[in-house]
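Here is what each chain is made of, one letter per residue.
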Amino acid sequence: MAFSIGEQTYGVEITTVREIRAWNGATPLPNTREFVRGVINLRGTIVPIFDLRARFGEGQTSPTKNHVVVVMSVGEKWVGILVDAVSDILTVSKEDIHNVPEGNSIDTELLNGIVTHDSRMVGLIDLHAVVSGASSKLDA
């Protein structure tokens, strides 16, 4: 599944996606990194919300009613990723995935690869890397 942050397009394995929700805010938590917006209660499950723009070092998102949270499973945990918009579902073969070029340490750390789709580059997100280091409370 692909989604956007500004002009950039990113993707995750569709099997990790649990649901897509409109942005309705999150309850902030103390002692978390700038890219952790807080938590939401999703039918009795506490789900941390990560601001993908902030995680990529581009400053915090100023969310509007048009922003969405993509709720995904990372191992046994559920997390939400705040994005500008969900764009589409892509079918990609393993042969089409290229290594992330060296240069931007954040991109190489947080992406598993890059694919070209309809003349645009799509960064494939490493969900485990995106959610790591949020705080000891969320990693427990």
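Now for a description of the structure that goes with this document. This is a predicted model, so every value here is computed, not measured.

Observations regarding the packing of aromatic side chains
Counting across every chain of the model gives 2 aromatic pairs. Relative to phenylalanine 56, the ring of tyrosine 10 has its centre 4.7 Å away and its plane inclined at 15°; by these criteria the two rings are stacked. Linking tyrosine 10 in strand 2 (residues 8-11) with phenylalanine 56 in the loop between helix 1 (52-55) and strand 6 (68-74), this pair joins segments that are 46 residues apart in sequence. In this structure phenylalanine 56 comes out as buried when scored by relative accessible area, which is 6%. Between phenylalanine 35 and phenylalanine 50, the ring centres sit 6.0 Å apart and the planes meet at 25°, which makes this aromatic pair stacked. Of this pair, phenylalanine 35 sits in the loop between strand 3 (17-22) and strand 4 (36-42) while phenylalanine 50 sits in strand 5 (residues 45-51), and the two are 15 residues apart along the sequence. Here phenylalanine 35 matches phenylalanine 50 in class, with each residue buried. Directly above the aromatic system of phenylalanine 35 lies the positively charged group of arginine 55, at a separation of 4.3 Å from the ring centroid.

Notes on the nonpolar core
Grouped together as the largest cluster of nonpolar side chains are 28 residues, with contacts concentrated most on Phe3, Tyr10, Leu52, Val83 and Ile125. Looking at this core, the elements with two or more residues in it are strand 1 (2-5), helix 1, strand 6, strand 7 (77-83), strand 9 (111-117) and helix 3 (127-131). Residues contacting isoleucine 125, with those up to four places away along its chain left out, are Phe3, Tyr10, Gly11, Val12, Leu52, Leu110, Leu111, Asn112 and Val130. If you look at the next biggest cluster of nonpolar residues, it comprises 8 residues, including Ile40, Leu42, Val47 and Val69.

Focus on the sheet that holds strand 8 (residues 85-88)
On the basis of which strands lie adjacent, the open sheet formed by 5 strands has the order 8-1-2-10-9 and mixed pairing. At either margin of the open sheet sits one strand with a lone partner, and together these are strand 8 and strand 9. Sheet twist, expressed as the average angle between the axes of neighbouring strands with direction ignored, equals 35°. Where strand 1 meets strand 8, 3 bridges bridge the pair, whose relative direction is antiparallel. Bridge assignment links phenylalanine 3 to a residue of strand 8, and that residue is valine 86.

Cut-off values and rules
Residues numbered from 1 in each chain as written. Predicted model: local features only at pLDDT ≥ 70, side-chain atom pairs only at ≥ 80, totals over all residues. Heavy atoms only, no water. Phe/Tyr/Trp six-rings, centres within 6.5 Å; stacked < 30°, edge-to-face > 60°. Helix = DSSP H or I, 4+ residues; strand = E, 2+ residues; numbered from the N terminus. Buried < 20%, exposed > 50% of the residue type's maximum accessible area, 1.4 Å probe, protein only. Lys NZ or Arg CZ within 6 Å of the ring centre and 35° of its normal. Core = buried A, V, L, I, M, F, W, Y, C linked by side-chain atoms within 4.5 Å. Contact = heavy atoms within 4.5 Å. Pairing = 2+ DSSP bridges. Axes fitted to C-alpha atoms, helices over the stretch in contact; angles between N-to-C directions.

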